[in-house]
Amino acid sequence: GYHSPRWSPAGDRIVAIKADSDLVGFYDLTRGEWRQVRASGRLGYPNWSSDGKLLYLLANVGTESANVMAMDPSRSTARIVAPLNVLRQPAFSFGDWIGLAPGNRPVALRDLSTEAILSWRLGPE
C-alpha cells in the first residue's frame, strides 16, 4: 500500500507514502521495521535532504492549501517551509510536482502561460 519509495542518502532507510493517506512510512534496513509518521493531508513527492536528516514532501496535494513540508524522521515532527498557495500551478498531471535544488532548496512548477487566440493569413497575398 505504499508508493514513491526513496532511499536515504546513507542507504540505511527507505521512505514511502501510504496510498491515499497522510502517513509516511520509514523502513529501517538495519532493524527490518516500518515506522509510520502522520503528516498533513494527501502527500507526495518525497525528497531526502542531502545529509539525510530531513525529508521534504508535498502536503495537501491537489488543494489550495498545498505546501512543502520538512519532516524530521528522528523526531517525527514536520513543519511548513514553503506555502504553495502563492503559486499558480499547472493543471496537468504532475503539475503539483516538487523537488530539491542544491542547498536543499525546494523547487516547484509554476504556470506562467496565458491563453490567446492567434490567426495567420494562409496562402499567397
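Being a predicted model, the structure only gives us computed values, none of them experimental. (Residues numbered from 1 in each chain as written. Predicted model: local features only at pLDDT ≥ 70, side-chain atom pairs only at ≥ 80, totals over all residues. Heavy atoms only, no water.)

*Asks:* Give a description of the pattern of salt bridges that names residues and reports values.
*Replies:* By the definition in use, this model includes four salt bridges. Across the salt bridge formed by Arg38 and Asp22, the nearest N and O atoms sit 2.5 Å from each other. In this pair, Arg38 sits in strand 4 (residues 33-38) while Asp22 sits in the loop between strand 2 (13-18) and strand 3 (23-28), placing the two residues 16 residues apart along the sequence. (Salt bridge = Lys/Arg side-chain N within 4 Å of Asp/Glu carboxyl O. Helix = DSSP H or I, 4+ residues; strand = E, 2+ residues; numbered from the N terminus.)

*Asks:* Kindly report on the packing of aromatic side chains, identifying the contributing residues and their values.
*Replies:* Applying the stated criterion across every chain yields a total of three aromatic pairs. On the numbers, 6.1 Å between centres and 65° between planes, the contact of Phe26 with Trp48 is edge-to-face. Of this pair, Phe26 sits in strand 3 while Trp48 is found in strand 5 (residues 43-48), placing the two residues 22 residues apart along the sequence. We note that Phe26, like Trp48, is buried. With a centroid separation of 5.2 Å and 50° between ring planes, the pair formed by Tyr27 and Trp34 is classed as tilted. Classification of Tyr27 by relative accessible area gives partly exposed; the value is 22%. Overall, Trp34 belongs to the partly exposed group, its relative accessible area being 43%. Taken together through their ring pairs, the aromatic side chains of Tyr2, Tyr27 and Trp34 make up a single cluster. Lying over the aromatic face of Tyr2, Lys18 brings its terminal NZ or CZ to 4.9 Å of the ring centre. (Phe/Tyr/Trp six-rings, centres within 6.5 Å; stacked < 30°, edge-to-face > 60°. Buried < 20%, exposed > 50% of the residue type's maximum accessible area, 1.4 Å probe, protein only. Lys NZ or Arg CZ within 6 Å of the ring centre and 35° of its normal.)

*Asks:* Quick one: what's the story with the sheet that holds strand 4, residue by residue and with numbers?
*Replies:* Strand order across the open sheet formed by four strands is 1-2-3-4, with antiparallel pairing between neighbours. Edge positions in the sheet fall to strand 1 (2-7) and strand 4, since each has one partner strand and no second. The mean angle between the axes of side-by-side strands here comes to 25°, regardless of whether they run parallel or antiparallel. Across six bridges, the pairing between strand 3 and strand 4 is antiparallel. (Pairing = 2+ DSSP bridges. Axes fitted to C-alpha atoms, helices over the stretch in contact; angles between N-to-C directions.)

*Asks:* Give a detailed account of the pairing of strand 10 (residues 105-108), specifying residues and quantitative values.
*Replies:* With four bridges joining them, strand 9 (residues 98-101) and strand 10 adopt antiparallel strand pairing. Note that in strand 10 the partner of Ile98 across the bridge is Ala108. Linking two consecutive strands that pair antiparallel, namely strand 9 and strand 10, is a turn of three residues; a positive phi of about 85° is found at Gly103 within it.

*Asks:* Break down the side chain of Asp72 for me, citing the residues and quoting the values.
*Replies:* Position of Asp72 among the secondary structure elements: in strand 7 (residues 67-72). According to the relative accessible area criterion, Asp72 is buried, its value standing at 12%. Separated by 2.6 Å, the side chains of Asp72 and Ser74 make a polar contact. Apart from the residues lying within four places of it in its own chain, the contact partners of Asp72 are Lys53, Leu54 and Thr77. (Polar contact = N/O pair within 3.5 Å; in protein donor to acceptor, adjacent residues only side chain to side chain. Contact = heavy atoms within 4.5 Å.)

*Asks:* Before we move on, could you go through the nonpolar core and cite the residues and values that matter?
*Replies:* Val15, Val24, Phe26, Leu43, Leu55 and Met71 are the most contacted members of the largest nonpolar core, which has 13 residues in total. Those elements that place two or more of their residues in this core are strand 2, strand 3, strand 5, strand 6 (55-59) and strand 7. Considering every element that reaches this core, the biggest residue donor is strand 6, with three residues. The next biggest cluster of nonpolar side chains, apart from the first, holds nine residues, and it includes Tyr56, Val68, Ala70 and Ile98. (Core = buried A, V, L, I, M, F, W, Y, C linked by side-chain atoms within 4.5 Å.)

What is shown is where atoms sit, not what they do.
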